[in-house]
Amino acid sequence: MAHIEFSQITKSFGRSHILKGIDLEIASGEFLVLVGPSGCGKSTLLRTLAGLETPDAGAIRVNGQDITRQEPQNRDVSMVFQNYALYPHMNVAENMGFSLHLQKKSKTEIANRVREIAQLLQIDHLLERKPKELSGGQRQRVALGRALARQTSIVLFDEPLSNLDAHLRSQMRVEIKRLHQKINSTMIYVTHDQMEATTMGDRIAVLKDGVVEQIGTPSEIYHQPKNIFIASFIGSPEMNFIEGAVVGQLPWPEAKKPGQLLGVRPEAIKVSEGPVLAQEWELGDYQVELSENLGGQTMLHGSLQGQTVRLLVDSAKEYHPGQKMKLKIDLTKAHLFDKSSGLNQRL
Amino acid sequence: MIKRIFAWLSLCIFAVFSLYPMLYVLSVSLRGDNAFQTQSLEIFSSQSTLKNFVVLFTETDFLLWMRNSLFISAVTTLLGVALASTSAYALSRHRFRGRNLMLFSLLASQMFPATMLILPFYIILAKMHLIDNFWGLFLIYSSTALPFCIWQMKAYYDTIPKELEEAAVLDGCSRWMTFYKIILPVSSPALVITALFSFMTSWSEYVIAAVVLQDPELYTLPLGLRSFQASLATQWGLYAAGALIVSVPVLILFISISRYLVSGLTMGSVKG
C-alpha cells in the first residue's frame, strides 16, 4: 500500500512546458485515472512517478518518503505500457518472471509466482509462447502479468488498452478493475478516453496544458464540472452549450450577466409535453434536423434559435426531420458557464 | 508463362556464370599436373587427384597462414562487434554535443577507397611501430569496418521501442544490464550482419595485409596463396586447392546464418 503525493511538479522539454506545478494526492489503494487530451502532460506525470523522467522542480513522496530523485528500479513501482513492451526474445513465463529473476529469487518461487499470476489472468496455457505468437489481447494480459508479478505497491498504466479493439477494451476494463479489488495496490491509470476514466476510476484527475483542472469522483466530474473544458471533455454524447436570449431568461441571477453559456447534457433535456415542473424550465421552439437510433434511445440533432442542440429521447417514439416541438430542461442538472473565464457559475 | 521461362532462363545463365569459375578452380585443384589452361571442359577426369590438397597441408605453411587469418579475423570480428554495438547504442539512444557530426564523419569516411588510405595507414603504423605486427592489421581492419557496422547497428537500435528499455529498468535492470540482457539479444540479426561484415573485411583482404605484413611467419591466407605465384612457374594446382579451402569457412558462415541474413538485410523496412 502506498500513499502518493505530488507537490508542485514542473517539467519542461526544451521550450515546451509540459507540467506546470502539479499538486495531487493519491490515497493508499486508490485507483486514480489521469485523463486529458493529447499533450496535456498525463503520461509525463506518470513517468515522473515511475522515475523515467525527472521533474525540473517539485517533489514526489510515497508514504511520506521523498522519491523524486530515486532510481526507477528502487521505487517499488511497476508499469504497463501502451505498446506492451514485452521482451521479444523471452517467452511469456520468462517475461513475467524477469524482475523476480533479477531479484535473485529461487526458481521454484519464480515459477510459483508466475503460475499464480498467469492463472489469475487466464494466460497459464500461454507460458511457453513467445510474444510474437500471441494476439493483442493476450499480449496485454502478459504485460499486465509482468507488472503484477513484481508485487509492487504502485502499479502504473500508460494507456494500456488503446491498441485493442472496442470489445476487448471493455472486457479488459472490467478485468483491470477486478484485479485492483483483489490486489489492493495503488493504481494510476492514464488515458485520453473519458469513457475509460469514468468507468474505472475511484477518482479522476482531468488535466489540460500541464495543469490539473479538476479532481473528483467520476460522478462529481460528470455532474459538477468546474469549467467548460471539463464539461465538454467528460461525457458522451457531449454537453450542449447554448448562448443568447435563451440564457438571459433563465431563473438564475447570474444568467442575467452578459457572456453566459447554458450547459446542459443531452439526457437532461426533454421534449415538453405535460406540465412544466418546479425544477424544470422551458427552452422554446426546437426543430428536428436528424435522428440517430442508438438502440434503447434516439439522439435528436436539431436547432434551437439557430443553435445546434442534441437530446436523448425514448426510441419507442418516432421523430422525423422538420418536426417542431418545445424543449424543457432539468434546472438541477443544468450549468451556467462564464464564457471568458470558462468557470461554472452554479457551483 | 513466357515471363516465367524468361526468368528461369536468365537465372540459369547467371547461375552458370557465377558457378563456372568456382567449378573451374575445383577442376584445377584436382589436376595433378599443375595445368591451368586446358582444352577440356570436364571438371572430374580419370586423372583427378587430391595430391594438391595433400601437398598443401603437408609441404607448405598453409596451416600457419590459416591460423594467422583465423586469429586476425576473429579479433577483428570481436573488436568490430564490441565497438560497433556499444558505440551505435550511444549514438542511437543519447543526445550529446557533436553526435550528428560524428555520424556524418563516419559516413564520410566510407567515401574514400581503402587503397587510397594505404599510404597514410602505413605512415601511421610505421610511427607506432606496428608494421609486421597483427595489431597493425586489427587497427586498420576494425577502423575500416566500423563506420558501416556502427550505422548498421544504429539503424537497428533506432527501430527498438524505447519502452522495452524502460520496462527493463522498472523490472530492476541497470543501464548496462538493459543493454546486454534486452537490447543485445533483440538485436541479434544486426549483430550477425555486423560480425559477418567484420569477418569478411579481414578474412580475404590482400592489399593492406601485403603492405603491413612482411615476415612470412605472419602471412595470412591471401598472402600465402600469392606466394605460390612466381614469375616463371606458378603452382596453379596448389593455388586453386588453397583458394577452395579459403572459401569454406565463409561458405559455412553464410549458410549457418542465412536466416539472420535475410531478416537482417530487410530490417528497418519491416519493424519486428
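Below or above, wherever it landed, is the structure these notes cover. (Residues numbered from 1 in each chain as written. Chains lettered and ligands numbered in written order. Predicted model: local features only at pLDDT ≥ 70, side-chain atom pairs only at ≥ 80, totals over all residues. Heavy atoms only, no water.)

Let's shift gears to empty space enclosed by the protein. One pass over the structure, following the stated rule, counts 2 cavities of 30 Å³ or more. Taken as a whole, the largest cavity spans an internal volume of roughly 60 Å³. For the largest cavity, the full set of lining residues is S78, M79, F81, R146, A147 and R150 of chain A together with A167, L170 and D171 of chain B. Ranked by the residues each element gives to the lining of the largest cavity, the list is headed by helix α7 (residues 162-171) of chain B, at 3 residues. In the lining of the largest cavity, the residues fall into 5 nonpolar, 1 polar and 3 charged. A volume near 40 Å³ is recorded for the second largest cavity. (1 Å grid on protein atoms, 1.4 Å probe; cavity = no way out; pocket = protein on both sides within 12 Å on 5 of 7 lines; lining within 4 Å. Points joined across faces, edges and corners; volume = space filled by probe spheres on them. Helix = DSSP H or I, 4+ residues; strand = E, 2+ residues; numbered from the N terminus. Nonpolar A, V, L, I, M, F, W, Y, C, P; charged D, E, K, R; others polar.)

The next subject is unusual backbone geometry. Residues and elements named next belong to chain A. Cis geometry marks the peptide bond from S236 to P237; its omega dihedral reads 0°. Within the fold, P237 resides in the loop between α8 (228-233) and β11 (240-242). The backbone phi angle of Q122 is positive, close to 55°, even though this residue is not glycine. Overall, Q122 belongs to the exposed group, its relative accessible area being 53%. One non-glycine residue with positive phi stands out, namely Q305, at about 50°. Within the secondary structure layout, Q305 lies in the loop between β15 (297-304) and β16 (307-314). (Buried < 20%, exposed > 50% of the residue type's maximum accessible area, 1.4 Å probe, protein only.)

Attention now goes to the environment of L164 of chain A. Residues and elements named next belong to chain A. Position of L164 relative to the elements: it lies in the loop between β7 (154-158) and α5 (166-183). Put simply, L164 and S135 are 29 residues apart on the chain and 9.9 Å apart in space, counted from C-alpha to C-alpha. If sequence neighbours within four positions are ignored, L164 has contacts with Y84, G136, G137, Q140, R169 and M172. (Contact = heavy atoms within 4.5 Å.)

Okay, the sheet that holds strand β2 (residues 16-26) of chain A next. All names here are of chain A. Sheet architecture is open: 4 strands sit in the order β2-β1-β4-β5, paired in antiparallel fashion. The strands lining the two open edges of the sheet, one partner per strand, are β2 and β5 (65-66). Both strand β1 (residues 4-13) and β2 contribute to a ladder of 8 bridges, which runs antiparallel. Paired with E5 across the two strands is E25, which belongs to β2. Lying over the sheet, helix α1 (residues 42-50) contacts β1, β2 and β4 (57-62), oriented at roughly 115° with respect to β1. (Pairing = 2+ DSSP bridges. Axes fitted to C-alpha atoms, helices over the stretch in contact; angles between N-to-C directions.)

Attention now goes to the packing of helix α6 (residues 134-159) of chain B against helix α9 (residues 188-203) of chain B. Residues and elements named next belong to chain B. Look at α6 against α9: their axes get within 9 Å of each other, and the N-to-C directions meet at 165°. Comparing the axis directions of α6 and α9 gives the class roughly antiparallel. In terms of crossing hand, the pair formed by α6 and α9 is right-handed. Of the residues in α9, those touching α6 at Y141, T144, A145, F148, C149, Q152, M153 and Y156 are P189, A190, L191, I193, T194, F197, S198, T201 and S202. For the contact of α6 with α9, the residue count by class is 11 nonpolar, 6 polar and no charged. (Parallel < 35°, antiparallel > 145°, perpendicular 65-115°, else oblique. Left-handed = near helix turned anticlockwise from the far one by under 90°.)

This brings us to a nonpolar patch on the surface. Taken together, the side chains of M1, I5 and L9 of chain B make up a nonpolar region of the molecular surface, amounting to roughly 360 Å² of accessible area. When you line up the elements, L9 of chain B lands in helix α1 (residues 2-29). (Patch = residues over 30% accessible without salt bridge, like charges linked within 9 Å, V, L, I, M, F, W, Y side chains within 5 Å. Areas by Shrake-Rupley, 256 points an atom, 1.4 Å probe, with all protein chains shown as cover. Salt bridge = Lys/Arg side-chain N within 4 Å of Asp/Glu carboxyl O.)

Listed per partner, the contact involves 18 residues of chain B and 21 residues of chain A. Note on chain B versus chain A: buried area summed over both sides is about 1,600 Å², and carbon and sulfur give 67% of it. Taken as a group, E166, L170 and D171 of chain B account for 41% of the area that chain B buries against chain A, more than any other trio of residues on that side. For the interface between chain B and chain A, the tally reads 1 salt bridge. Notably, a salt bridge pairs R47 of chain A with E166 of chain B, separated by 2.6 Å at the nearest N-O pair. Between the two partners, chain B and chain A, sit 8 residue pairs in polar contact (both at pLDDT 80 or more). Secondary-structure elements contributing two or more residues to the side of chain B that touches chain A are α7 and α8 (175-186) of chain B. Ranked by residues supplied to the side of chain B that touches chain A, first place goes to α7 of chain B with 9 residues. (Buried area = accessible area lost by both parts, 1.4 Å probe. Polar contact = N/O pair within 3.5 Å; in protein donor to acceptor, adjacent residues only side chain to side chain.)

Residue and element names in this part refer to chain A. Here we have 5 strands laid out as an open sheet, ordered β13-β17-β14-β15-β16, and antiparallel in their pairing. Strands at the two margins of the open sheet, each flanked by one partner only, are β13 (269-271) and β16. Pairs of neighbouring strands in the sheet enclose a mean axial angle of 45°, with direction left out of account. When strand β14 (residues 280-293) meets strand β17 (residues 324-330), the two strands line up antiparallel, connected through 7 bridges. Pairing of E280 across the sheet is with D330, part of β17.

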